[in-house]
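Here is how the chains run, residue by residue.
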Amino acid sequence: LDRRQIVEFVASIVTQTENRPLVLAIDSPYGTGKSTFVEMLNVTLTQQNFQTVHFNAWKADHVSDPLIAMVAALDRAVPRTPVSAETLDRVKAITGVVVKKGIAVGAKLLTSGLLEVANEIEEAVADAAGDVAGDIIDSFEKEQEAIESFRSELGKVVAKLPYLDRNPTLVFFIDELDRCRPDFAMQLLERVKHMFDVPNLVFVLSVDKKQLEAVTAAVYGERIDAVEYLRKFIDLEFTLPSPAIKDFVNSTIKRAGLDADFNARSVSDKDSIVRFITFLASIYGMSLRSIERSIVRLKLVVAAVPKNYEMNPVHVALLVVLRSVDKDMYDKLLSKRINPMTALQYFRSLPHAGSRLESRDGQILEAI
């Protein structure tokens, strides 16, 4: 699908940060292949000896604070060796402190000695929680100290990567952010901004920017300038170009094993089916995921029709697409509850129809 060149281009951005932190957003609507693209980018960077962390935000949005799940993902990904284990433990210890009380602990908690002992941390947190007379400003200052301590220890983890035979940049992938509950998504972005802002740490966010803007409005109200608000979290945006629809249809048919099925038939209707599914996908503006669902239905149809029977490829393509994207219209056509002119009017009303219906494939649809 001509993704290699795009993957290599984005990889070159990630690998040329010159020791600075970076948040890069890969923007594309739901169902257009972002997660697959991110997996390809992850593999490419891993092959180039970069340490990567993959974090599916949607699978973790049941936790109270995204920081917990993010640090857990970091701890799983970075190899535990005598070089890195102690620093990772410090990061985990401070995470527990930051999350637990928000924070009102004394400066002594932030010394390296205490951070090595989990039990003493728990006791210090409990003591601080019981100090009802604690000054609010003092508590705020101690929280800032904890955050600074977290960043310091996290920076040390990243700085140790060359000693683990890795490139000096840590790449942290966050996928499915726009599918999380709104408060979790916003809290995650805040954590990235305030706690992970360290040299040589790159975040790659897989998002549907429009959906993320809607999430922002859901949390902070419709009057917020969501576009401007999100800019404070994201340094660079890359809009993932859509692959050619025909190429994707052919690729999906091949992955589904349908090439062999068509070749085994007395009359192979593959080319006509590909052509018409491509046409219908374009006038519907179908996502890649919707196209995949149509190909799954196509495979079931091909398997059900005897090999010596000739299928009407245009009818088959029309029905599998309609069944996937508009069940109501599918039912009306099959039950003949709609006349041909009304059906044509329906297709002309589709947002991406335009002049496409004046093409030869549009004339074929009208003939059907």
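What you see is a predicted model, and the numbers here were worked out from it, not measured in a lab. All residue numbers refer to positions counted from 1 along the written sequence of the respective chain. With the structure being a predicted model, the display of local features is reserved for residues of pLDDT at least 70 and the display and counting of side-chain atom pairs for 80 or more, all residues being used for whole-chain, interface and lining totals. For side-chain calculations, the full set of non-hydrogen atoms in the structure is used, while hydrogens and water are omitted.

(A) Looking closely at the environment of D27. The way it works is that DSSP assigns letters per residue, a run of H or I at least four long becomes a helix, a run of E at least two long becomes a strand, and they are numbered from the N terminus. Within the fold, D27 resides in strand β1 (residues 22-27). Only protein chains enter the accessibility calculation, which uses a 1.4 Å probe. A residue is then buried if its area is under 20% of the maximum for its type, exposed if over 50%, and partly exposed in between. You can call D27 buried: its relative accessible area is 15%. Considered as a pair, D27 and F238 are 211 residues apart in the sequence and their alpha carbons are 5.9 Å apart. For D27, the contacting residues outside a window of four places in its chain are K34, V207, D208, K209, F238, T239 and L240. Whenever two N or O atoms come within 3.5 Å, that pair is a polar contact, provided that in protein one can donate a hydrogen and the other can accept it, and provided that, for residues adjacent in sequence, both atoms are side-chain atoms. One polar contact links the side chain of D27 to the main-chain amide nitrogen of K209, over a distance of 2.8 Å. Contacts are assigned to residue pairs that have any heavy atoms within 4.5 Å of one another.

(B) How the structure looks around the sheet that holds strand β2 (residues 51-56). Across the sheet, which stays open at both edges, the five strands sit in the order β2-β3-β4-β1-β5 with parallel pairing between neighbours. With partners counted over all chains shown, the strands left at the sheet margins are β2 and β5 (236-239), one partner each. The sheet shows a mean angle of 20° between the axes of neighbouring strands, taken without regard to direction. Here four bridges tie β1 to β5, and the two strands are oriented parallel to one another. By the bridge assignment, I26 is partnered in β5 with F238. Along the sheet, helix α2 (residues 34-47) makes contact with β1, β2, β3 (170-175) and β4 (201-207), crossing β3 at roughly 165°. Should DSSP find at least two bridges between two strands, the strands are taken to pair. All axes here are fitted lines through C-alpha atoms, helices being fitted over the stretch that makes contact, and every angle between N-to-C directions spans 0 to 180 degrees.

(C) The packing of aromatic side chains, seen in detail. Aromatic pairing here means that ring centres of Phe, Tyr or Trp (its six-membered ring) are within 6.5 Å. Orientation follows from the plane angle: under 30 degrees is stacked, over 60 is edge-to-face, and everything else is tilted. Counted by the stated rule, this structure contains eleven aromatic pairs. Between F276 and F279 the ring centres are 5.4 Å apart and the planes differ by 40°, which places this aromatic pair in the tilted class. With F276 and F279 both in helix α14 (residues 270-284) and three residues apart, the pair spans about one turn of that helix. Taken as a pair, F276 and F279 share a single burial class, namely buried. Each residue in the set F55, F150, F172, F196 and F203 is aromatic and connected to the rest through ring pairs, giving one cluster. Charges are assigned to positions over rings by a cutoff of 6 Å between ring centre and Lys NZ or Arg CZ, combined with an angular limit of 35 degrees from the ring normal. It is R179 that lies over the ring of W58; its NZ or CZ is 3.6 Å from the centre. Seen from the ring of Y330, R323 lies directly overhead, with NZ or CZ sitting 5.9 Å from the centre.

(D) Fine view of the layout of surface pockets. Here the largest pocket defines a volume of roughly 380 Å³. Taken together, the elements giving at least two residues each to the lining of the largest pocket come down to α16 (313-325), α17 (327-334), α18 (340-348) and α19 (360-367). Examining the composition of the lining of the largest pocket, we find that four residues originate from one element, α18, more than from any other. Partitioned by chemical class, the residues of the lining of the largest pocket number twelve nonpolar, two polar and two charged. The definitions used throughout rest on a 1 Å grid laid over the protein atoms alone, on which a cavity is an enclosed set of points accommodating a 1.4 Å probe that cannot get out and a pocket is an open set flanked by protein within 12 Å on both sides along at least five of seven lines; lining residues are those having an atom within 4 Å of a point. Grid points are joined across faces, edges and corners, and a volume is the space filled by probe spheres set on the points. Size it by volume and the second largest pocket reaches roughly 320 Å³. Elements supplying a minimum of two residues to the lining of the second largest pocket: α2, α12 (245-255) and α15 (288-304). Within the lining of the second largest pocket, the residues separate by chemical class into six nonpolar, six polar and five charged. Side-chain classes are defined by residue name, with Ala, Val, Leu, Ile, Met, Phe, Trp, Tyr, Cys and Pro counting as nonpolar, Asp, Glu, Lys and Arg as charged, and the others, Gly among them, as polar.

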